[in-house]
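These are the residues of each chain, in order.
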Amino acid sequence: RRSSDLTPCVLGNCQDSMTCVKEEIFGPVMSILPFDKEEEVLERANNTMYGLAGGVFTRDIQRAHRVVSRLQAGMCFINNYNVSPVELPFGGYKKSGFGRENGQVAMEYYSQLKTVCV
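Residues numbered from 1 in each chain as written. Predicted model: local features only at pLDDT ≥ 70, side-chain atom pairs only at ≥ 80, totals over all residues. Heavy atoms only, no water.

Peer 1: Looking at this structure, how should I read a nonpolar patch on the surface?
Peer 2: Nonpolar side chains collect at one region of the surface, where Val10, Met30, Ile32, Phe57 and Tyr81 lie side by side and expose about 490 Å² of accessible area between them. Exposure remark for Phe57: the relative accessible area of 47% places this residue in the partly exposed category. (Patch = residues over 30% accessible without salt bridge, like charges linked within 9 Å, V, L, I, M, F, W, Y side chains within 5 Å. Areas by Shrake-Rupley, 256 points an atom, 1.4 Å probe, with all protein chains shown as cover. Salt bridge = Lys/Arg side-chain N within 4 Å of Asp/Glu carboxyl O. Buried < 20%, exposed > 50% of the residue type's maximum accessible area, 1.4 Å probe, protein only.)

In structure tokens form, the structure reads like this:
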């Protein structure tokens, strides 16, 4: 086993005030927080200064699409996490990055269009 390998960790009984909930953790960590209503979970999920990525796990695909459309995150996953082809744009909202990496969007970001008429 390499020293760079990390064992996945699922944290249960989390509270909104916990560091593992408030900050971005770059590793295989999932914080589990119970909720009663969809509106409540959206408000709690968006109440952060970060917004790199978010995920929704549910049997109800319509609910999943409704929720991810309202998540303030640059990349959203439904019933999976961190599975994305390299050609998809990647970047966050709020303090989770500036601009986008990968795909056509990145090319446009590093290019400047000029129109010349003769």
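Peer 1: Which parts of the structure should I look at to understand the environment of Val56?
Peer 2: Position of Val56 among the secondary structure elements: in strand β3 (residues 53–56). Once the C-alpha coordinates of Val56 and Val41 are considered, the two residues, 15 residues apart in sequence, prove to be 11 Å apart. Those residues within four positions of Val56 in sequence are excluded, and the remaining contacts are Ala64, Val67, Val68, Leu71, Phe77, Ile78 and Asn79. (Helix = DSSP H or I, 4+ residues; strand = E, 2+ residues; numbered from the N terminus. Contact = heavy atoms within 4.5 Å.)

Peer 1: In this structure, what is going on with the nonpolar core? I would like to understand it.
Peer 2: Generally speaking, a soluble globular protein has its nonpolar side chains buried in company with each other. Judged by nonpolar contacts, Leu42, Val56, Ala64, Val67, Val68, Leu71 and Ile78 together constitute the single largest core of seven residues. With three residues, helix α3 (residues 61–70) is the single largest residue contributor to this core. Dropping the residues within four chain positions of it, Leu42 is found in contact with Val67, Arg70 and Leu71. (Core = buried A, V, L, I, M, F, W, Y, C linked by side-chain atoms within 4.5 Å.)

Peer 1: Sorry if this is basic, but what is going on with the pattern of salt bridges here?
Peer 2: A pair can form between side chains of opposite charge whenever their charged atoms are brought close. This structure, assessed with the given rule, holds five salt bridges. Between Glu38 and Arg66 there is a salt bridge; the shortest N-O distance is 2.7 Å. Note that Glu38 is positioned in helix α2 (residues 38–46) and Arg66 in helix α3, a separation of 28 residues in sequence. When its relative accessible area of 15% is taken as the criterion, Glu38 is described as buried. Among the salt bridges present, the one from Arg44 reaches Glu40, with a minimum N-O distance of 2.9 Å. One end of the pair is Arg44 and the other is Glu40, both in helix α2 and four residues apart, which spans about a single turn. Through salt bridges with shared partners, a single ionic network connects Asp16, Glu40 and Arg44.

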